[in-house]
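# Chains, contacts and geometry: an overview
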Amino acid sequence: MFISRFIGRTALLAAAKSESSAAAAASNPLEQFFEADRNPDDQKPVYGRSWKAPELRLKSWDDLHKLWYVLLKEKNMLMTQRQMLHAQNLRFPNPERIPKVRKSMCRIKQVLTERAIEDPDPRRSAEMKRMINAL
């Protein structure tokens, strides 16, 4: 039974890798909540740093919106992986990634709040603040 599950998962991942990313996401959207399997012989991957506020100030509203949802997806993937490993009494391999994602998300909210405060139209400013607080 274990072998059939392992082979089924391996076949599923191989099929997902061979298809385009859009088709793979449509076939099994839950795979987005798990990090791609790596070969144990590979080197430990190096993950980036959190976004800095001055870098985020240079981005447009749409870019910040897209980045927010990329970070939200990454956070959900990391939390799912951490919970799954915790249930199996295994150690989460890179716990430092979660604070980096959270810091970046907080900095995006900070930059958006700064922009809302600077907006001369009070109605638009209030609407932007409501939208930011809903994030």
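A quick note: this is a predicted structure, and the numbers were derived from the prediction, not measured.

The rules behind these values
- Residues numbered from 1 in each chain as written.
- Predicted model: local features only at pLDDT ≥ 70, side-chain atom pairs only at ≥ 80, totals over all residues.
- Heavy atoms only, no water.
- Helix = DSSP H or I, 4+ residues; strand = E, 2+ residues; numbered from the N terminus.
- Buried < 20%, exposed > 50% of the residue type's maximum accessible area, 1.4 Å probe, protein only.
- Contact = heavy atoms within 4.5 Å.
- Salt bridge = Lys/Arg side-chain N within 4 Å of Asp/Glu carboxyl O.
- Core = buried A, V, L, I, M, F, W, Y, C linked by side-chain atoms within 4.5 Å.
- pLDDT = per-residue confidence, 0-100.

For the rest of this paragraph, the subject is the environment of Glu74. Tracing the backbone through its elements, the reader meets Glu74 in helix 4 (residues 61-87). According to the relative accessible area criterion, Glu74 is partly exposed, its value standing at 25%. Ignoring any residue separated from it by four or fewer positions in sequence, one finds Glu74 in contact with Arg97 and Val101.

Right, let's get into the pattern of salt bridges. Per the stated rule, a full pass over the model turns up 5 salt bridges. In this structure, Arg57 and Glu114 form a salt bridge, with 2.9 Å as the shortest nitrogen-oxygen distance. Of this pair, Arg57 sits in helix 3 (residues 53-57) while Glu114 sits in helix 5 (residues 97-118), and the two are 57 residues apart along the sequence. With a relative accessible area of 38%, Arg57 lands in the partly exposed category. A salt bridge links Glu127 to Arg130, with the shortest nitrogen-to-oxygen separation between them at 2.9 Å. In this pair, Glu127 and Arg130 are both assigned in helix 6 (residues 122-134), 3 residues apart and thus about one turn of the helix distant. Relative accessible area serves as the criterion here: at 41%, Glu127 is assigned to the partly exposed category. According to the relative accessible area criterion, Arg130 is exposed, its value standing at 52%.

A general tendency of soluble globular proteins is for nonpolar side chains to be buried together. Grouped together as the largest cluster of nonpolar side chains are 19 residues, with contacts concentrated most on Leu56, Leu64, Leu71, Leu78 and Ile108. Of all the elements in the fold, those that place two or more residues in this core are helix 3, helix 4, helix 5 and helix 6. With sequence-adjacent residues up to four places away left out, Leu71 is seen in contact with Val101, Ser104, Met105 and Ile108.

Here the focus is the confidence of the model for the protein. Here the protein shows a mean pLDDT of 78. Residues at 70 or above account for 70%. For the protein, per-element mean pLDDT is lowest for helix 1 (residues 2-18), which scores 44, and highest for helix 3, which scores 94. Segment residues 1-25: pLDDT under 50, and 11 contacts once partners within four positions in sequence are set aside and those in other chains are kept.

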